[in-house]
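# A structural walkthrough
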Amino acid sequence: MKKLILCFILLIFSLVWSPNPSQGFGKMDYERIYKDMPVLDFMYETRVDPEESRDYEEYAISPYVLVRLPVTLRNKKILLPRGYYLVKPEKKDGFQFVIFKQNGIVKGAVPVYKAYITNPLEVFPQPPQKPKTKWYFKPFVMVGKVIIWPIKKLFERKQPKIPPRAKTEFEYIQQENFYIMGLYVENRLYKMLFKLGN
């Protein structure tokens, strides 16, 4: 019984007690995360992504995400001036990172400090559905499909793959001068940490 009462008191204490943020319990320690991140400048020393041609061959448009950096960002040795970049997430040699490209040249490989699985229906809401065909029009629609089907088969071509859905979000931590970039690609969220560059 004493153990049960002690557990109950500890539970109440843990719910009521709020940790002191200065001790590092109540917030993320971005300084430590930034310090512990690996430097990946050896990944693309030639500034060429050997997989780029393979990435493009399956798609009619670019499979990469177009991102506009509003400010100059730094991640260890990598300096990304403000502007437009094509980005793609990668996993290689045990590292998870995001490649930033301009005009086909790799400007940097930035490590991902946290990756999440997300619900794509929440991140990319579905557009409104068009109204269903009324029941009395359905026979005419079916006849039209049967007539058009052989003609459609003659002119049918292989459809290119649709690029993955993607979007980005930015967050500025003013107290610590850090910039967080979140990259959503389908059901994944990749978080990268930057300092404001000079």
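Nothing here was measured: the structure is a model prediction, and the numbers come from that model. (Residues numbered from 1 in each chain as written. Predicted model: local features only at pLDDT ≥ 70, side-chain atom pairs only at ≥ 80, totals over all residues. Heavy atoms only, no water.)

### Re the overall build of the protein chain
Selection criterion: Every helix listed is a DSSP run of H or I at least four residues long, and every strand listed is a run of E at least two residues long, numbered separately from the N terminus. A 1.4 Å probe rolled over the protein chains alone gives each residue an accessible area, and that area as a share of the maximum for its type sets the label: buried under 20%, exposed over 50%, partly exposed in between. In this description, accessible areas are obtained by the Shrake-Rupley approach with a 1.4 Å probe, and a residue is regarded as covered only by the protein chains that are shown.
A count of helical and extended segments in the protein chain gives five helices and ten strands. With 198 residues in all, the protein chain has 29% of them scored as buried. Taken as a whole, the protein chain presents about 14,700 Å² of accessible surface, with 60% of it coming from carbon and sulfur.

### A look at the nonpolar core
Stated precisely, the cut-off is as follows: Throughout, nonpolar core names a set of buried Ala, Val, Leu, Ile, Met, Phe, Trp, Tyr and Cys residues whose side chains join them through atoms within 4.5 Å. Two residues form a contact once any of their heavy atoms are found within 4.5 Å.
Grouped together as the largest cluster of nonpolar side chains are 19 residues, with contacts concentrated most on Leu80, Val87, Val98, Phe100, Leu183, Met192 and Phe194. Listing elements by their share of this core, those giving two or more residues are β1 (65-69), β3 (78-80), β4 (83-92), β5 (95-102), β9 (178-185) and β10 (188-196). Setting aside residues no more than four positions away along its own chain, Leu80 makes contact with Leu69, Val71, Thr72, Leu73, Tyr85, Phe100, Lys107, Val110 and Phe194. Counting residues in hydrophobic clusters, the runner-up holds nine residues, among them Met37, Ile173, Ile180 and Leu193.

### Points about the environment of Leu40
Within the element layout of this structure, Leu40 appears in the loop between α2 (30-36) and α3 (52-57). Taking the relative accessible area as the measure of exposure, Leu40 reaches 3% and is therefore buried. Expressed as a C-alpha distance, the spacing of Leu40 and Gly108, which sit 68 residues apart in the sequence, is 8.2 Å.

### So, the packing of aromatic side chains
For any pair of aromatic rings, geometry is given as the distance between the ring centres together with the angle between the planes. Convention followed: Any two rings among Phe, Tyr and Trp, with Trp reduced to its six-membered ring, count as a pair given centres within 6.5 Å; such a pair is stacked if its planes are under 30 degrees apart, edge-to-face if over 60, and tilted if neither.
All told, the structure shown has nine aromatic pairs when counted by the stated rule. Ring centres of Tyr44 and Phe97 lie 6.3 Å apart, and the angle between their planes is 65°; on these two criteria the pair is classed as edge-to-face. Of this pair, Tyr44 sits in the loop between α2 and α3 while Phe97 sits in strand β5, and the two are 53 residues apart along the sequence. Each of the two residues, Tyr44 as well as Phe97, counts as buried. Where Tyr85 meets Phe100, the ring centres are 6.0 Å apart and the plane angle is 80°; that geometry is what we call edge-to-face. Taken together, the positions of Tyr85 in strand β4 and Phe100 in strand β5 put the pair 15 residues apart, joining distant regions of the chain. Take Phe100: its relative accessible area is 0%, and that puts it in the buried class.

### Considerations on the confidence of the model for the protein chain
Detailed reading of the predicted coordinates is not advisable wherever pLDDT falls low. Selection criterion: What pLDDT expresses is the predictor's confidence in each residue, scored from 0 to 100.
Per-residue confidence for the protein chain averages 78 on the pLDDT scale, and 72% of its residues sit at or above 70. Contacts of residues 6-26 to residues separated by more than four positions or lying in other chains number five contacts, the stretch itself having pLDDT below 50.

### Quick look at the pattern of salt bridges
Defined as follows: One side-chain nitrogen of Lys or Arg within 4 Å of one carboxyl oxygen of Asp or Glu is enough to make a salt bridge.
Enumeration according to the criterion identifies eleven salt bridges in this entry. Here Glu52 ties to Lys101 by a salt bridge, and the two come within 3.2 Å at their closest N and O atoms. A residue pair is termed long-range when its members are at least 10 positions apart, and Glu52 in helix α3 and Lys101 in strand β5 qualify at 49 residues. Assessed through its relative accessible area of 4%, Lys101 is described here as buried. Through salt bridges with shared partners, a single network forms among Asp49, Glu52, Asp55, Lys88, Glu90 and Lys101.

### Section: the environment of Asp41
Mapped onto the elements of the fold, Asp41 is located in the loop between α2 and α3. The spacing of Asp41 and Lys77 is 36 residues in sequence and 7.5 Å in space, taken between C-alpha atoms.

### Digging into the pairing of strand β8 (residues 166-173)
What counts, and what does not: Any two strands with at least two DSSP bridges between them are considered paired.
Pairing between β8 and β9: eight bridges, direction antiparallel. When the bridges of β9 are listed, Thr168 appears paired with Leu183. Where β8 hands over to β9, the hairpin turn is made up of four residues, of which Asn177 adopts a positive phi near 60°.

### Let's talk about the side chain of Asn75
Along the chain, the position of Asn75 falls in strand β2 (residues 73-75). If sequence neighbours within four positions are ignored, Asn75 has contacts with Tyr34, Met37, Val110, Pro111, Leu193 and Phe194.

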